[in-house]
Amino acid sequence: TIWAFNPHPSIAHSKALRKRVRLVQVEREREREGVGNSSGDRFQCRSKEQRSRGYVVHKMSRKTMKGARIRKDPFSKLSFDTILNALHNSHGEQALEDTLSKLSGQLRTCDVEEVLKHTKNLEHAKLIFNWAGKQQGYKHDTSVFNVYIAHLGSAKKFDSVREILEQMRLEECHLNDWTFTSLIKSYGVAGMASQATQVLDLMQQYDHECSIAVYGTLLTILLKDGLSDQAELVYQRMHEDGVEPNNHVFSILLYGFGKLGKITRVYEVYWEMVSAGCVPDEITQHSILDGLCKGGMVDEAQKIFEIVLKGGSVEAYNILLNGLCLAGRMEESLQLLKEMKQKNKLPDIVSYNTIINSYSKAGKSDDAVRLFQEMGENDVLPDRRTYNMLIDGLCREKKVDNAIQFFDQMVKSGCSRDTVTYTSLIHGLCEAEKSDLARKYFDEMQEKGFEGDSVLYTSLIKTFFKSGQVNDASKTFTSMVKANCQPDVVTYATIIHGFCKALKVDMAEKILRAMIQRGFNPQSATYSVMIDGYCKSSQLGKAYKLFQWLVTAGVPIDRSLYNIFISCFGKAGHIAESKRVFESMVKQGLSPNVVTFMCIIASLCKIGKVDEAYGYYKRMAIFGVTPDSIMFNTLIHGFLKAGRDGEATMLWKTMKSLGFALDACLQRYVENGYFIRVIPDANKLHRKGPLRHSLAG
């Protein structure tokens, strides 16, 4: 006979069995090779200590060992890893169903439970749950049912949940508190907190006693959703059922009512808590203060802190500090910090970080730095979060030189930098348009093994384009893709805008195509930039082709895009096309603005068609558009150039009545008496000079 021992017969039997079989195989191989002996003494249960630990001795004959060596262990096929691999390697429900149907053998509830926990897709969870329930010798236990109920609840399949509960009852499977608390939480996640109270009736239906854990979960969900009236009814029902609240339930009520600003109810629950013999511990005190502060009731939090709680710990002070900072009451937070020192409640790193963070975000980095220095005086060592907040605050105010000093100081003080540290500094350098330094620290960041996100890459790309470093911008985009950091809509728009501005329209076109292929829908502004780039690079054909595609594809086209076309066609001398686009814009129901009229009027004046230009000027009133100073000056220039002094003078008078001034060029002609022949009293306003000057020369 051969002896083997198993540390736990109900769980590890198969594991020990496999191990012993393997050892026997090794011993027999050694025996055949003439090495050692096969007495099996190594497998003896040699001490009482092993037996006292719960080891169970199993006696197995050589025949049994031979059978064990030949047959595969039944658990090997249906272990957690086996089922999980089937799940991961199957694409689609049908593939998973086919894969599961090929598995056979014994199955453990613990494996099914773990697989369900790792399953994200409800349909996959349903397939595994149903498949496992049909396996021979297997039966779902409460834990498996609970995990599946959580899946159904997360998917808002509450009707299916009731079916599963009924199945549990038919299979005589015990329903526990976790079953119902999981269902209550699912209602909360689904935004259906008001319907979570139905669970109490459901529990009665299944003869399950409502425990304090269930009531606590339900009260948390209701108060978090602002349903204080329903929470009161549940609390009353809790008393009627004879369930006495404990410290945890009281903490839930105090926090919830405080956050909702129900101060009177907070006082009532507090005294009820004391009357019930529950001593408010620090967690409860903190719940009261935190709830009031987050509900914007900082003054009430201070009153309770001073009257009811009669002072408190450093943690309680920190909650009040955070409440004051969130309310923007920075001076009061500093006073409270002084009070802490006076009452020997020495501020800790949390106290200082809370105020430093608020000052940094409020654009008061100088005050934040002063508090940082005070920390050193009080022997409070800054941590990484302290430095990150200071660097971020200084960068927001474009004090990047000071930010770099703190960046360098971090390592000297023993604080390691992280992704947040580098990201904050690089963003600040980008905003300050210091592209070279931004690139330096970005390279250092990558050398340290930190990865940037799409926002950081986009910021760098934008900075490089602004600095005229088009190649660096292009390389940064390439490295972004290689780093598996997927560009977003903003990234693509930034690159397209940068390339178009640099008149590298072909590169911008490639990026636009890649953007569309990846499933992104460019905004109208992106198309406008692309079309503007085509126009500025004298590729009007491509611009118009893209415009026509937008119309055919039903992409919303805004007014700015039409304005770009009207301006570009006009500048290129294609007045007919410019007017056609104008009329198309009107037909689409888009009202032209002053920029639209300015584009077409300037084009017409440029080629001497002042009558048409004046016609568009008159049409402005129909659309409710008021001409501006540039419009008047453009028309006056056009009339004067055409020798139409009378029309120019009338426009000048209209212009003056609206409070607009002539541009520098026209002002010089007026000062030289250019309009004296037309306007008799002009010599009273301006000094005399030559009667006429040619605008052309």
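It should be noted that the structure appears before, not after, this text.
Residues numbered from 1 in each chain as written. Predicted model: local features only at pLDDT ≥ 70, side-chain atom pairs only at ≥ 80, totals over all residues. Heavy atoms only, no water.

A short note on the overall build of the chain
Helix and strand counts for the chain stand at 39 helices and 2 strands. For the chain, buried positions account for 45% of its 697 residues. Intrachain contacts of the chain at a sequence separation of at least 6 include 59% that bridge at least 24 residues. Only carbon and sulfur atoms are counted for the fraction: they give 50% of the accessible area of the chain, which is about 36,800 Å². (Helix = DSSP H or I, 4+ residues; strand = E, 2+ residues; numbered from the N terminus. Buried < 20%, exposed > 50% of the residue type's maximum accessible area, 1.4 Å probe, protein only. Contact = heavy atoms within 4.5 Å. Areas by Shrake-Rupley, 256 points an atom, 1.4 Å probe, with all protein chains shown as cover.)

Looking at helix H22 (residues 384-396)
Taking 1.5 Å of rise per residue, the 13 residues of H22 would be expected to cover 18 Å, and the 18 Å separating its terminal C-alpha atoms lies within 8% of that figure. Taken together, the buried positions of H22 are occupied by Thr 386, Tyr 387, Asn 388, Met 389, Leu 390, Ile 391, Gly 393, Leu 394 and Cys 395. Buried positions along H22 lie against helix H20 (349-361), helix H21 (365-377), helix H23 (400-412) and helix H24 (419-431). Regarding H22, its N-cap is Asp 383, as a side-chain oxygen of that residue lies 3.3 Å from the backbone nitrogen of Arg 385 further along. In the segment just after H22, Lys 398 is the residue with positive phi, at about 60 degrees. (Expected span 1.5 Å × (residues − 1). Polar contact = N/O pair within 3.5 Å; in protein donor to acceptor, adjacent residues only side chain to side chain.)

Here's the deal with the side chain of Thr 491
Note that Thr 491 resides in helix H28 (residues 489-501). With a relative accessible area of 1%, Thr 491 lands in the buried category. Excluding its chain neighbours within four sequence positions, the residues that come into contact with Thr 491 are Ser 454, Thr 458, Ile 461, Phe 477 and Met 480.

Points about the side chain of Ser 435
Mapped onto the fold, Ser 435 is located in helix H25 (residues 435-447). Exposure remark for Ser 435: the relative accessible area of 7% places this residue in the buried category. For Ser 435, the contacting residues outside a window of four places in its chain are Thr 463, Phe 464, Ser 467 and Gln 469.

A few points about the pattern of salt bridges
Within the structure shown, the criterion is met by 28 salt bridges. A salt bridge links Glu 397 to Lys 399, with the nearest nitrogen and oxygen atoms 3.4 Å apart. Note that Glu 647 and Arg 644 form a salt bridge whose closest N and O atoms lie 3.1 Å from each other. According to the relative accessible area criterion, Glu 647 is partly exposed, its value standing at 32%. (Salt bridge = Lys/Arg side-chain N within 4 Å of Asp/Glu carboxyl O.)

Some details on the environment of Leu 326
In this fold, Leu 326 is placed in helix H18 (residues 314-326). Under the relative-accessibility criterion, Leu 326 is labelled exposed at 60%. Distance in space between the C-alpha atoms of Leu 326 and Ile 355 is 9.7 Å, their sequence separation being 29 residues.

Here we look at helix H14 (residues 247-259)
Between its first and last C-alpha, H14 extends 18 Å over 13 residues, near the 18 Å set by a 1.5 Å rise per residue. Every buried residue of H14 is listed here: Val 249, Phe 250, Ser 251, Ile 252, Leu 253, Leu 254, Gly 256, Phe 257 and Gly 258. Buried-residue contacts for H14 involve helix H12 (212-224), helix H13 (228-240), helix H15 (263-275) and helix H16 (282-294). Just beyond H14, the residue with positive phi is Gly 261, at close to 80 degrees.

Overview of the nonpolar core
Residues Ile 355, Leu 425, Ile 426, Met 530, Ile 531, Ile 601 and Ile 636 are the most contacted members of the largest nonpolar core, which totals 189 residues. Contacts of Leu 425, omitting those with residues within four sequence positions, involve Ile 391, Cys 395, Ala 403, Ile 404, Phe 407 and Tyr 441. (Core = buried A, V, L, I, M, F, W, Y, C linked by side-chain atoms within 4.5 Å.)

Some words on unusual backbone geometry
Even without being a glycine, Lys 156 presents a positive backbone phi close to 65 degrees. Residue placement: Lys 156 occurs in the loop between helix H8 (142-154) and helix H9 (158-170). At Asn 484, a position not held by glycine, the phi torsion is positive, near 60 degrees. Secondary-structure assignment places Asn 484 in the loop between helix H27 (470-482) and H28.

Brief notes about the packing of helix H19 (residues 330-342) against H21
One can describe the packing of H19 onto H21 by two numbers: an axis separation of 14 Å at closest approach and a directional angle of 10 degrees. By the criterion of interaxial angle, the relationship of H19 to H21 is roughly parallel. For the pair H19 and H21, the contacting residues are Leu 334, Leu 337 and Lys 341 in the first and Arg 370, Leu 371 and Glu 374 in the second. Counted by class, the contact of H19 with H21 contains 3 nonpolar, no polar and 3 charged residues. (Axes fitted to C-alpha atoms, helices over the stretch in contact; angles between N-to-C directions. Parallel < 35°, antiparallel > 145°, perpendicular 65-115°, else oblique. Nonpolar A, V, L, I, M, F, W, Y, C, P; charged D, E, K, R; others polar.)

Side note on a positive patch on the surface
A contiguous patch of positive charge, built from Lys 398, Lys 462, Lys 466 and Lys 501, is present on the exposed surface. Relative to the elements of secondary structure, Lys 398 occurs in the loop between H22 and H23. Here Lys 398 falls in the exposed class, since its relative accessible area comes to 52%. (Patch = residues over 30% accessible without salt bridge, like charges linked within 9 Å, V, L, I, M, F, W, Y side chains within 5 Å. Lys, Arg positive; Asp, Glu negative; His and termini not counted. Charge placed at Lys NZ, Arg CZ, Asp CG, Glu CD.)

Here we look at the environment of Gln 135
Structurally, Gln 135 is set in the loop between helix H7 (122-133) and H8. According to the relative accessible area criterion, Gln 135 is buried, its value standing at 15%. A C-alpha to C-alpha distance of 7.7 Å links Gln 135 and Gln 106, two positions 29 residues apart in sequence. Filtering out sequence-adjacent residues up to four positions away, Gln 135 remains in contact with Leu 103 and Leu 107.

A closer look at the packing of H16 against helix H17 (residues 298-306)
The packing of two helices is summarised by the inter-axis angle and the distance between the axes. At a closest axis distance of 7 Å, the pairing of H16 and H17 adopts a crossing angle of 160 degrees. As far as their axial angle goes, H17 and H16 are roughly antiparallel. Crossing of H16 over H17 shows left-handed handedness. Where H16 abuts H17, its residues Ile 288, Leu 289, Leu 292 and Cys 293 lie against Val 298, Glu 300, Ala 301, Ile 304 and Phe 305. (Left-handed = near helix turned anticlockwise from the far one by under 90°.)

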